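Architecture at a glance
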Amino acid sequence: MRILGIETSCDETGIAIYDDGQGDSPEGILAHRLYSQIAVHADYGGVVPELASRDHVRKTIPLIQQVLADAKLTPQDLDGVAYTAGPGLVGALLVGCSIGRSLAYGWDLPAVPVHHMEGHLLAPMLEDDVPEFPFIALLVSGGHTMLVRVDAIGEYKLLGESVDDAAGEAFDKTAKLLGLDYPGGPALAKMAEQGVPGRFKLPRPMTDRPGLDFSFSGLKTAAGTLVRKECNDLSAEALKQTHADIAHAFQQAVVDTLAIKCKRALQQESLNRLVIAGGVSANTSLREKLAVTTKKLGGSVFYPRPEFCTDNGAMIAYAGMQRLKAGTDADLTFKANPRWALDSLPSIRK
């Protein structure tokens, strides 16, 4: 079976084809393409929903044609079409939903609506080293930060989530305070590499109390206060170093906070396998910290390759394949779900 995956939930258009390996082709991604809208939104310092939607309209069909050509396939070689139905920006979601459902109808194929966060959660399954169920998943991106117990595909127990800013959102907002261009998260991480450890200390929010929820709004505010306090009347060289030191302190605070909560979740649920996914999971410092954390617990950490950490069509194609095999086939109507609880999904335990 082969399935086309379409991702348009925010500011990246991702298209991929996944093969389950039961035929002549090996299991895995046959082809994938990703178009980023960074240049579209850079002047605004963040994603403009209307511009995102319009750009998806322009790019989705050409990318589908390119991926089919890359895989040397035609629509007749496909067995289904999967598309992100939520959560995300409603206009952007509607583009992928309408195109995906229409193509499925026109090609006489099953249509499979996919939960965006389930796609992220399952992205490590595209790698050679695949985690066994059950495990704890840390989903950490620009829009979400959550800890989930995963017993099977569709069997999700929400353990904790951010009560305000997501970790990736805090990265981007703090990067803006440091004068970095959009998207600021990766730029802040790069700047932090030049920072002096220990010069500044920022809080590890909500780690001094029970529970697995997160809060990064106050940390962002503390970083802003530090910028205003320490970055006045400095030479260009001193200002550059101070910015790097603040970036290092901020990143370390986020990484430590996430690691503390992950350790707490693993111990609470008596598990030792951890999956991290989402855009922030590409952060090198976070990966290193969580590797140490899980090793001390006698466990291991799993994550997708960097190109599959951010939004992409490959994760939607994989998640869609699992749902298709379980019998998911949407009717002729389609619905974009900008808010969609992950733990509301049905189980497909075999």
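Residues numbered from 1 in each chain as written. Predicted model: local features only at pLDDT ≥ 70, side-chain atom pairs only at ≥ 80, totals over all residues. Heavy atoms only, no water.

What counts is decided by this rule: UniProt positions are given in the numbering used here, feature names are shortened, and annotations may be inferred rather than shown by experiment.
Taking an unreviewed UniProt entry as the reference, the protein chain is identified by name as tRNA N6-adenosine threonylcarbamoyltransferase belonging to Colwellia echini. Under Catalytic activity (unreviewed entry), UniProt gives the following word-for-word description of the protein chain: "L-threonylcarbamoyladenylate + adenosine(37) in tRNA = N(6)-L-threonylcarbamoyladenosine(37) in tRNA + AMP + H(+)". According to the UniProt record, the Subcellular location (unreviewed entry) comment for the protein chain reads "Cytoplasm".

1. Considering the sheet that holds strand β2 (residues 12–19)
So the rule is basically this: Paired strands, as defined in this entry, are two strands with at least two bridges between them according to DSSP. Put simply, DSSP H or I for four residues or longer makes a helix, DSSP E for two residues or longer makes a strand, and each gets a number counted from the N terminus. Simply put, an axis is a line fit to the C-alpha atoms, just over the touching stretch for a helix, and the angle between two N-to-C directions goes from 0 to 180 degrees.
Strands sit in the order β3-β2-β1-β4-β5 across an open sheet of five strands; the sheet is mixed. Whereas interior strands pair on both sides, the edge strands pair on one side only; in this sheet they are β3 (28–36) and β5 (111–115). Adjacent strand axes in the sheet meet at a mean angle of 20°, parallel and antiparallel pairs treated alike. The sheet contact formed by strand β1 (residues 2–7) and strand β4 (residues 80–86) spans four bridges and is parallel. If you follow Ile6 over to β4, its bridge partner there is Tyr83.

2. A word on the pattern of salt bridges
Opposite charge on two side chains permits them to pair, given that their charged atoms come into close proximity. Worth spelling out the cut-off: The salt bridge definition used is simple: a Lys or Arg side-chain nitrogen within 4 Å of an Asp or Glu carboxyl oxygen. Accessible area is worked out with a 1.4 Å probe on protein chains only. A residue is then buried under 20% of its type maximum, exposed over 50%, and partly exposed in between.
In the structure shown here, the tally under the stated rule is 18 salt bridges. Between Asp165 and Lys220 there is a salt bridge, with its nearest N and O atoms 3.2 Å apart. Taken together, the residues Asp165 in the loop between β8 (155–161) and α5 (167–177) and Lys220 in helix α7 (residues 217–230) connect sequence positions 55 residues apart. Two residues, Arg209 and Asp208, come together in a salt bridge whose shortest N-O distance is 3.6 Å. When its relative accessible area of 44% is taken as the criterion, Arg209 is described as partly exposed.

3. With respect to the sheet that holds strand β6 (residues 135–140)
What counts is decided by this rule: Between two residues, a contact is recorded if the distance between any of their heavy atoms is within 4.5 Å.
Taken in spatial order, the five strands of this open sheet run β8-β7-β6-β9-β10, and their pairing is mixed. Edge positions in the sheet fall to β8 and β10 (300–302), since each of these pairs with one other strand and no more. On average, adjacent strands in this sheet sit at an angle of 25° to one another, irrespective of strand direction. Taken together, the three bridges between strand β9 (residues 273–277) and β10 define a ladder with parallel strand orientation. Across the sheet, residue Val275 finds its bridge partner in β10, namely Phe302. On the sheet, helix α8 (residues 236–269) packs against β6, β7 (145–152), β8 and β9 and is oriented at approximately 155° with respect to β6.

4. Here's the deal with the UniProt feature "binding site: substrate" (unreviewed entry) in the protein chain
The positions that UniProt labels "binding site: substrate" (unreviewed entry) are, in the present scheme, Leu139, Val140, Ser141, Gly142, Gly143, Asp172, Gly185 and Asn283. Checked against the element boundaries, Val140 lands in strand β6. On the basis of relative accessibility, which here comes to 0%, the residue Val140 falls in the buried class. If we ignore the near neighbours within four places in the chain, the residues touching Val140 are Thr145, Ala167, Leu258, Ala277, Gly278, Gly279, Val280, Ser281 and Leu286. When you line up the elements, Ser141 lands in the loop between β6 and β7. Given a relative accessible area of 11%, Ser141 falls into the buried group. Those residues in contact with Ser141 that lie beyond four places of it in its chain are Ala166, Ala167, Gly168, Glu169, Gly278, Gly279 and Val280.

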